[in-house]
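# Working through the structure, step by step
The primary structure of each chain is shown beneath.
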Amino acid sequence: MAYAITPAAKHSPLTRHYRDLSGVDFGSLPSAVAVNRSPDASNVYKNYRATNGQAIETRPGLSLLGTVGGCVYGIHPFGAKCLLHYGTTLSEWLTFPSAINSGSDVTVKFSTMAAQSSVSFLFGGKLYLLDGSNYLVYNGSSVSSVTGSATVPTTSIGADPSGGNRETYQEINLLSPYRKNSFVGDGSSKTYYLDTTGLDASSYYTMQAWINGTLMTEGSGFTVNRTAGTVTFTTAPSAPATAGTDNVVIQFRKNVSGNAEKIANCTVGTTFDNRIFFAGNPDYPNTLFHCELDDASYVRETAYYTDGEDDAQIKTLIRGTDVLIAVREDRGNGCKVYLHSPALDSSLGKVYPVTSTEISLGTVSVGINFFDDIVFVSPMGLEAIEISSDRASLKHRSTMVDRKLINESDLANCKAELWNNYLVLLVGGRIYLADARQVYRGNRNVEYEWYFWENIGSLPSEGEMQYDACCIREYEGTLYIGCKNGAVCIFSGTTDFGTPIVSYWTTPMDNFGTMTYYKQVERSGGVAEIKRVQNSIIKVDIKADSADWENVLRSATGGFSFESGKFSFMNFSFGTGTRGKIIYKIKKKKVKEVSLKFYSDEAGKPFGLYEATLSATVMNTVR
């Protein structure tokens, strides 16, 4: 800290300026925290939508929008509409973004969801969802399984009725048991040989055929030998009008057990390069699948990549600039971060080859692109992947909150979202906010300043708050929160469901540059610049050495009324507009270090602080 004190400076006055205020530092000793950070702050942040500069101020409160019938596993906006995944139900939120006032405000769209977190992504004007058991699509009115209308591939073309001259065309679609074969009729052959045998029974599918574009159905114009994989027409199909042109198309069904589940059982998905990529299937833990170009319902059976040789699961997919990054769980040895960049292959077309890195630290939960900073949550905190021309490396981003963050018992279920220039990490009823606008250089890395919120939960239950927020989603600047008891909330207002938000920001334990001398805190020079809004309040406490906090000021700065605190000597607010100043006169003798606490603990009364000062005089040597 500043101000190196020498014996010659004894009895000299010093003024500490706490300005350019920032977030928390949970890792350093309270006396070693930088003067613009706080060793202990909660439920405060900087509101970057404010037009009067950024103060440290009370976070917005939680307002209830309604409750649904089970734990909220996913909130999935789609334009002006929204789907809610709760329990095993997926419902359309008919009044979105307004309140859910009754059961008629939601309507069930799908009733066999997995009871676990779901993810969604926009693709081709539709919303697609994964929950570890289902791969669903929502078109704005109905929800259906993608497999129900998946692309039917034409697996072979140009074949003679006997199968000669057959050319392989498209691969099997993992999402569909159906296939087509295309033939060139010869005008005499009645029996046509498909490119596979052992077709599904007629109870599953009545086969179809098109001859010169005219549809025929099984039993009316042709019969089928499913074991042999042959179709026999009553009348031999004619030869095509143009020689060598396919004019007979047969559609059949042959399900390959487990194919559709390769995608449906994925828990991770994202869009990249006009495709959807899928991962997180526990049966294929290190496998990355993808659909065809602009076709979410077609996943070729060979459209996959294996990231690593062991069974550490891909936990998150993050889109970078011209690269898709797969991060596997932090288990076992070896590479945990793999890169997939588009490339052209002479026979396969666009491919996404696997590039391993030297990064052996994996994720425990989630990753995200934070304004072009590729980050993920690891057992050591928030890590960033920096990619240069020849290598990828990790840079740490969360030193200020690691002590709390990495000790969260539910870190494996951490959720991440971007909101108002913040990266929001929700875990265990607490939120950690990394500030994109406030960065610093520490340990040779650029790191973020952090803020910390707690008691993020649902409605009071039997007189006690149940802090069980488990789902978060941003939409058009609003943060939506889902809770285990079915509550759906937003951050809005000045209370948590009518309960006071206890918010505070403390200065470091300040020794004014020396532990060698006692200090006397002076009555003059204690001024804070505050944010004045209606019904706001600011209280000031002081802590000297190992003593408890003592109140020195309670001042309602919105209405400009005040109460005298027990140790308050002078107390008023002056200024114009939304900025004002308060004066606190404190007398403390023979102290080694002191800290100020600015806070509010009353319902509906937030506080805001721009900067503060504290004056002291250096006294005798500590003995």
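The text that follows walks through the structure, step by step, so that each part is easy to find. (Residues numbered from 1 in each chain as written. Predicted model: local features only at pLDDT ≥ 70, side-chain atom pairs only at ≥ 80, totals over all residues. Heavy atoms only, no water.)

### Concerning the overall build of the protein
We apply this condition: Numbered from the N terminus, helices here are DSSP runs of H or I no shorter than four residues, and strands are runs of E no shorter than two. Restricting the calculation to C-alpha atoms gives the radius of gyration, and the globule rule supplies 2.2 Å times the number of residues raised to the power 0.38. When a residue's accessible area, from a 1.4 Å probe over protein chains only, is under 20% of the maximum for its type it is buried; when over 50% it is exposed; and in between it is partly exposed.
A tally of regular secondary structure across the protein gives two helices and 56 strands. Over its C-alpha trace the protein gives a radius of gyration of 32 Å, far above what one expects of a compact globule, namely 25 Å for 623 residues. Taken over the C-alpha atoms alone, the protein extends approximately 115 × 55 × 40 Å along its principal axes. The 623 residues of the protein split such that 54% are buried.

### Considerations on the packing of aromatic side chains
We apply this condition: A pair of Phe, Tyr and Trp rings is counted when the ring centres sit within 6.5 Å of each other, with Trp represented by its six-membered ring. The angle between the planes then sorts it: under 30 degrees is stacked, over 60 is edge-to-face, the rest tilted. By definition here, charges over rings are those cases where NZ of Lys or CZ of Arg is within 6 Å of the ring centre and within 35 degrees of the ring normal.
Applying the stated criterion across every chain, the model contains 30 aromatic pairs. Measuring from ring centre to ring centre gives 6.3 Å for Phe272 and Tyr352, while their planes differ by 65°; the resulting arrangement is edge-to-face. Residue Phe272 is located in strand β23 (residues 268-272), and its partner Tyr352 is located in the loop between β31 (349-351) and β32 (354-356); the two are separated by 80 residues in the primary sequence. You can call Phe272 buried: its relative accessible area is 9%. Measuring from centroid to centroid gives 5.0 Å for Phe370 and Tyr448, while their planes differ by 55°, and the two rings are tilted. One end of the pair, Phe370, is in strand β33 (residues 367-370); the other, Tyr448, is in strand β40 (residues 445-453), with 78 residues separating them in the sequence. Classification of Tyr448 by relative accessible area gives buried; the value is 8%. Looking at Arg16, its charged tip hangs above the ring of Phe512, at a distance of 5.7 Å from the centre.

### What to know about unusual backbone geometry
With an omega of 5°, the peptide bond running from Phe96 to Pro97 counts as cis. Tracing the sequence through the fold places Pro97 in the loop between β8 (89-93) and β9 (106-110). Not every positive phi belongs to a glycine, and Asp322 is a case in point at roughly 60°. Structurally, Asp322 is set in the loop between β27 (314-320) and β28 (323-328). Residue classification places Asp322 among the exposed residues on the basis of a relative accessible area of 58%. For Asn535, which is not glycine, the phi dihedral falls at a positive 70°. Examined against the element boundaries, Asn535 turns out to sit in the loop between β48 (527-531) and β49 (538-544). Residue Asn535 is classed as partly exposed on the basis of its relative accessible area, which comes to 44%.

### Structural notes on the nonpolar core
Put simply, the rule reads: Here, nonpolar core means buried Ala, Val, Leu, Ile, Met, Phe, Trp, Tyr and Cys residues that are tied together by side-chain atoms lying within 4.5 Å of each other. Between two residues, a contact is recorded if the distance between any of their heavy atoms is within 4.5 Å.
Of all hydrophobic cores here, the largest spans 76 residues; its most connected members are Leu423, Leu425, Ile431, Trp450, Tyr584, Phe598 and Leu614. In contact with Ile431, other than residues within four places in its own chain, are Val424, Leu425, Leu426, Tyr451, Phe452, Trp453, Ile456, Ile472 and Phe491. If you look at the next biggest cluster of nonpolar residues, it comprises 18 residues, including Tyr128, Ala150, Leu174 and Val299.

### Regarding the pairing of β49
Test applied: We treat two strands as partners when DSSP finds at least two bridges between them.
Within β49, six of the seven residues are buried, which leaves it mostly tucked inside the rest of the structure. As paired elements, β49 and strand β55 (residues 594-600) share six bridges and run antiparallel to each other. Paired with Lys543 across the strands is Ser595, a residue of β55.

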